[in-house]
Amino acid sequence: MRITQPTRRQCITALAAGLAGAALPALARAAAPQTAVEVWKDPNCGCCKDWVSHMQANGFTVTVHETGNAAVRAKLGLPTRLGSCHTALVGGYLLEGHVPAADVRKLLKDKPKALGLTVPGMPVGSPGMDGPEYNGRKDPYDVLLVTKNLMNSDVSTRVFTSYR
């Protein structure tokens, strides 16, 4: 059996086909539509800006309203006790505070009957509260799924994801 060496043209063709095949998944990801997020925040809040950057880095398209978030939070029916420094809407769900992008993706995939997700307060180590000024500190926190109570105007929560 005689083994023949490929021609230069065959090598170039095979290399080009391999590169094109490797580029296709990246092109498909780039062409995939990004999920829109609308955010209300204080114009002077740096951690909100960092959370927006986290969401953008994870494939979300973010529109920011620099008007504060108390009025929109109240309009959407989230009690102040579950509040944080920014409020967002994505896919018909409310997001309050430093919710990780992975939890937002899970929410949008699972589509539970809920108002949305909240990370009350501003826990250090959550997205947007994880900058160099915190020296790597990570406090435990829970992402809560918020649902409307059927019998009254209040809401209920349960742990959606726990970060320890």
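For the structure, see preceding data.
Residues numbered from 1 in each chain as written. Predicted model: local features only at pLDDT ≥ 70, side-chain atom pairs only at ≥ 80, totals over all residues. Heavy atoms only, no water.

Before going further, it helps to examine the overall build of the protein. Each helix and strand in the protein was counted, giving 4 helices and 7 strands. When its helices and strands are written in sequence order, the protein yields α-β-α-β-α-β-β-α-β-β-β. When contacts within the protein are restricted to residue pairs at least 6 apart in sequence, those whose partners lie at least 24 apart make up 55%. Total accessible area computed for the protein in this model is approximately 10,000 Å², and 58% of it derives from carbon and sulfur atoms. (Helix = DSSP H or I, 4+ residues; strand = E, 2+ residues; numbered from the N terminus. Contact = heavy atoms within 4.5 Å. Areas by Shrake-Rupley, 256 points an atom, 1.4 Å probe, with all protein chains shown as cover.)

Below, the discussion takes up the pairing of strand 3 (residues 86–90). Regular strands show a simple pattern: their side chains alternate between the two faces of the sheet. Most of strand 3 is tucked away, with 4 of its 5 residues classed as buried. Of the strand pairs in this sheet, strand 1 (residues 35–41) and strand 3 are connected by 4 bridges, and their pairing is antiparallel. Bridging across to strand 3, Val39 finds its partner in Ala88. Relative to strand 4 (residues 93–97), strand 3 is paired through 4 bridges, and the arrangement is antiparallel. Considered in strand 4, the bridge of Val90 is made with Tyr93. (Buried < 20%, exposed > 50% of the residue type's maximum accessible area, 1.4 Å probe, protein only. Pairing = 2+ DSSP bridges.)

Residues Val37, Trp51, Met55, Phe60, Leu95, Val104 and Leu117 are the most contacted members of the largest nonpolar core, which totals 22 residues. For this core, the element with the highest residue contribution is helix 4 (residues 101–110), accounting for 4 residues. Residues in contact with Leu117, not counting those within four places in the same chain, are Leu94, Leu95, Glu96, Val99, Asp103, Val104, Leu107, Val143, Leu144, Leu145 and Phe160. In this structure, Leu78, Leu82, Leu94 and Val146 belong to the second largest nonpolar core, which totals 7 residues. (Core = buried A, V, L, I, M, F, W, Y, C linked by side-chain atoms within 4.5 Å.)

Ala101, Asp103, Val104, Leu107 and Leu108 are the residues of helix 4 that are buried. Buried residues along helix 4 cover an arc of 160 degrees about the axis, so they all sit on one side. Pointing more than 90 degrees away from the buried face of helix 4 are the exposed residues Ala102 and Lys109. Looking at the residues trailing helix 4, positive phi occurs at Lys111, about 50 degrees. (Arc of directions from axis to C-beta.)

The next point concerns the packing of aromatic side chains. If you walk through the whole model with that rule in mind, you get 1 aromatic pair. With 4.9 Å between their ring centres and 15 degrees between their planes, Tyr141 and Tyr163 make a pair best called stacked. Separated by 22 residues along the polypeptide, Tyr141 in strand 6 (residues 141–148) and Tyr163 in strand 7 (residues 155–163) bring together distant segments of the chain. Judged by its relative accessible area of 9%, Tyr141 is buried. One residue, Arg105, lies across the ring of Phe60, its end atom 4.0 Å from the ring centre. The ring of Phe160 is capped by Lys106, whose NZ or CZ atom sits 4.7 Å from the centre of that ring. (Phe/Tyr/Trp six-rings, centres within 6.5 Å; stacked < 30°, edge-to-face > 60°. Lys NZ or Arg CZ within 6 Å of the ring centre and 35° of its normal.)

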